[in-house]
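Overview (structure and organization)
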Amino acid sequence: MLCEMCGKSVPFTKSVMIDGAKLEVCPECARFGDDYKASSSSQSSGQSTGGSRTVIEQRLERREKRMGTKDVYAQAKTVEVVENYGRTIREAREAKGMDLDAFSKFISEKKGTMAKIEANRLVPDDKLVKKIEKALDIKLLETVSSGAGQSTGGGSSGRMTLGDFIKKK
Ligand SMILES: [Zn+2]
């Protein structure tokens with residue numbers, strides 16, 4: 001028989017666990033591993049090579065999966081600015097009787113910036129969102145459990161179609 005560790009031909013091998021993999025090794029190499037505790041059904045020798053190989057492959061696979069857990073968006077709940085934030089802001093602002101100029105001054109932002117935001121063409125950053133929410137007493141954030149439907153890149157965002165933009169001009 002061949003030792004799976006050093007490749008030496010020996011009269012008999014010993015099953016040991018080395019780094020989580022079962023190997024058939026010569027008595028000399030057996031020192032490096034732990035005794036393999038065979039599960040009751042003894043379908044040992046013949047399969048051993050394939051067996052240990054698979055264990056290693058499985059371990060690698062598992063490790064890869066663990067590392068691939070960067071995909072936070074898979075299940076994570078994220079807080080996002082509501083889809084029609086522009087209209088929400090504008091309506092709240094008008095309800096308070098402020099024109100864009102006054103409102104921009106009120107929250108000390110550039111009028112151009114606010115105009116873009118109200119046109120839904122610029123998503124306000126967190127800080128600005130908080131400021132607007134406070135100034136107008138509205139909610140602009142919603143918790144989204146991002147799944148398939150929420151992919152940012154895909155199609156035009158939500159119900160706003162290209163047609164909507166064209167009509168407005
Ligand atoms: Zn050996």
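Quick caveat, the model's predicted, so the values are computed rather than measured.

Quick word on the overall build of the protein
A tally of helices and strands in the protein yields seven helices and five strands. Put simply, the protein runs from its N terminus to its C terminus through helices and strands in the order β-β-α-β-α-β-α-α-α-α-β-α. Taking all 169 residues of the protein together, 25% fall into the buried category. Counting contacts in the protein only where the partners sit at least 6 residues apart, residues at least 24 apart contribute 49% of the total. Put simply, the protein shows about 12400 Å² of open surface, and 53% of that area lies on carbon and sulfur atoms.

Some thoughts on the side chain of S104
Within the secondary structure, S104 sits in helix α4 (residues 100–106). Look past the residues within four positions of S104 in its chain and what remains in contact with it is E109, K110, K111 and M114.

Considering helix α6 (residues 126–136)
Buried within α6 we find L128, V129, I132, E133, A135 and L136. Lining the buried residues of α6 we find β4 (77–81), α3 (85–95), α4, α5 (111–118) and β5 (141–145). Backbone geometry just after α6 places D137 at a positive phi near 60 degrees.

Let's talk about the confidence of the model for the protein
Where the model shows low pLDDT, its predicted coordinates should not be examined in detail. Per-residue confidence for the protein gives a mean pLDDT of 79; residues scoring 70 or more make up 67%. Predicted confidence is poor over residues 40–44, with pLDDT under 50, and the contacts of this stretch with residues over four places away or in other chains come to one contact. Scored below 50 in pLDDT, residues 148–157 makes three contacts in the model with residues more than four places away or belonging to other chains.

A closer look at the coordination of the zinc ion
Reference geometry at the metal: tetrahedral coordination by four donors gives ideal angles of 109.5 degrees; octahedral coordination by six donors gives 90 or 180 degrees. Protein-derived coordination of the zinc ion comes from C3 (SG), C6 (SG), C26 (SG) and C29 (SG), at a distance range of 2.2 to 2.4 Å. Taken together, the four donor atoms coordinating the zinc ion and their angles of 99 to 121 degrees define a geometry best described as tetrahedral. Spacing between the donor residues of the zinc ion along the chain follows C-x2-C-x19-C-x2-C. Note on C29: relative accessible area 6%, which makes it buried.

Let's talk about the environment of L23
With respect to the element layout, L23 can be found in strand β2 (residues 21–25). The buried category is assigned to L23, whose relative accessible area is 15%. Along the sequence, L23 and M5 sit 18 residues apart, while their C-alpha atoms lie 7.5 Å from each other.

Quick word on the nonpolar core
It is characteristic of soluble globular proteins that their nonpolar side chains tend to be buried jointly. By size, the foremost hydrophobic cluster in this structure holds 18 residues, and its most contacted members are I89, F103, I132, L136 and L140. Residue assignment for this core shows that the elements contributing at least two residues are α3, α4, α5 and α6. Tallying contributions element by element places α6 first for this core, with five residues. Those residues within four positions of I89 in sequence are excluded, and the remaining contacts are F103, I117, E118, I132, L136, I138 and L140. Counting residues in hydrophobic clusters, the runner-up holds nine residues, among them C3, I18, L23 and C26.

Here's the deal with the pairing of strand β1 (residues 14–18)
Both β1 and β2 contribute to a ladder of five bridges, which runs antiparallel. Its bridge partner lying in β2, I18 is registered against A21. The hairpin formed by β1 and β2 contains two residues between the paired strands, and D19 there has a positive phi angle of roughly 50 degrees. Of the strand pairs in this sheet, β1 and strand β3 (residues 34–35) are connected by two bridges, and their pairing is antiparallel. Each bridged residue has a counterpart across the sheet, and for M17 the counterpart in β3 is D34.

Here we look at the pattern of salt bridges
Under the defined criterion, the tally for this structure stands at seven salt bridges. Here K131 makes a salt bridge to E109, at a shortest N to O gap of 3.2 Å. Linking K131 in helix α6 with E109 in the loop between α4 and α5, this pair joins segments that are 22 residues apart in sequence. Under the relative-accessibility criterion, E109 is labelled partly exposed at 27%.

Thresholds, definitions, all that
- Residues numbered from 1 in each chain as written.
- Predicted model: local features only at pLDDT ≥ 70, side-chain atom pairs only at ≥ 80, totals over all residues.
- Heavy atoms only, no water.
- Helix = DSSP H or I, 4+ residues; strand = E, 2+ residues; numbered from the N terminus.
- Buried < 20%, exposed > 50% of the residue type's maximum accessible area, 1.4 Å probe, protein only.
- Contact = heavy atoms within 4.5 Å.
- Areas by Shrake-Rupley, 256 points an atom, 1.4 Å probe, with all protein chains shown as cover.
- pLDDT = per-residue confidence, 0-100.
- Donors = N, O, S within 2.8 Å, 3.2 Å for Na, K, Ca; no water.
- Tetrahedral: all angles 85-135°; square planar, octahedral: opposite > 155°, others 65-115°.
- Core = buried A, V, L, I, M, F, W, Y, C linked by side-chain atoms within 4.5 Å.
- Pairing = 2+ DSSP bridges.
- Salt bridge = Lys/Arg side-chain N within 4 Å of Asp/Glu carboxyl O.

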